[in-house]
Amino acid sequence: GTFLFLPDNMGEAELDAALWQFLAELGHEVVIAAKDSFAFGDIDVKGVDAIIDSPAPLKAHREAGRIKVIKSGYRGEGLVAFKMSGQLEAALRDPGLKALIIKGQANLFMLSARNPVRFPVISILLLKAKTAEKLAGIPFKKDKFWPMAVVVPPGEAVQIKVTDTTFGGTLK
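Residues numbered from 1 in each chain as written. Predicted model: local features only at pLDDT ≥ 70, side-chain atom pairs only at ≥ 80, totals over all residues. Heavy atoms only, no water.

(A) Up close: the overall build of the protein. Looking only at helices and strands, the protein features six helices and six strands. Along the protein, helices and strands appear, N-terminal first, in the series β-α-β-α-α-β-α-β-α-β-α-β. In the protein, which comprises 172 residues, the proportion classed as buried is 45%. A fraction of 63% describes how many contacts in the protein between residues 6 or more apart in sequence connect residues 24 or more apart. (Helix = DSSP H or I, 4+ residues; strand = E, 2+ residues; numbered from the N terminus. Buried < 20%, exposed > 50% of the residue type's maximum accessible area, 1.4 Å probe, protein only. Contact = heavy atoms within 4.5 Å.)

This is the structure:
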């Protein structure tokens, strides 16, 4: 099966690569949807390509077709559904998709909060804002970050009120 991965920060992607390699070694296909071009702090396709092409195991998995890199279609924070690339939309609709793994609060809020999906969503993030506090029930404290993972079962959406309605959108 396929795992679709939405990375977040540039500095985290080096660690994310270990998960990509692990999933590929288990025989899964890993599709990484990165920003099209530079977006402040977030890794883009060029950065992901550089990580994959450097260690031999990742490069070998890419050459064998187990690791693929596509453009997300958006340069801002998170993922805006109506601005996603055709490649990402196709990956989300792939019947072989086992799970969507997303990094960062913005990806969780922009996609999962508005879209019940047919596959599990696994979100890995740092709790660092009031909206995340509503999701986790952990009191928000300035300059105090809480690592957390959120698993959204198939057919569900994150049940939070997203206060900024200028972003986001729903999948059709």
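After that view of the structure, there is still more to cover.
(B) Here's a closer look at the pattern of salt bridges. In the structure shown here, the tally under the stated rule is six salt bridges. With a closest N to O distance of 2.6 Å, Asp16 and Lys103 form a salt bridge. You can see Asp16 sitting in helix α1 (residues 10–25) and its partner Lys103 sitting in strand β4 (residues 97–103), a full 87 residues away along the chain. Judged on exposure class, the residue Asp16 and its partner Lys103 are both buried. The closest approach of N and O atoms between Arg93 and Glu89, which form a salt bridge, is 3.3 Å. Taken together, the positions of Arg93 and Glu89, both in helix α4 (residues 86–93) and four residues apart, correspond to about one turn of that helix. Of the residues examined, Arg93 reaches a relative accessible area of 46% and is grouped as partly exposed. The class of Glu89 is partly exposed, set by a relative accessible area of 34%. (Salt bridge = Lys/Arg side-chain N within 4 Å of Asp/Glu carboxyl O.)

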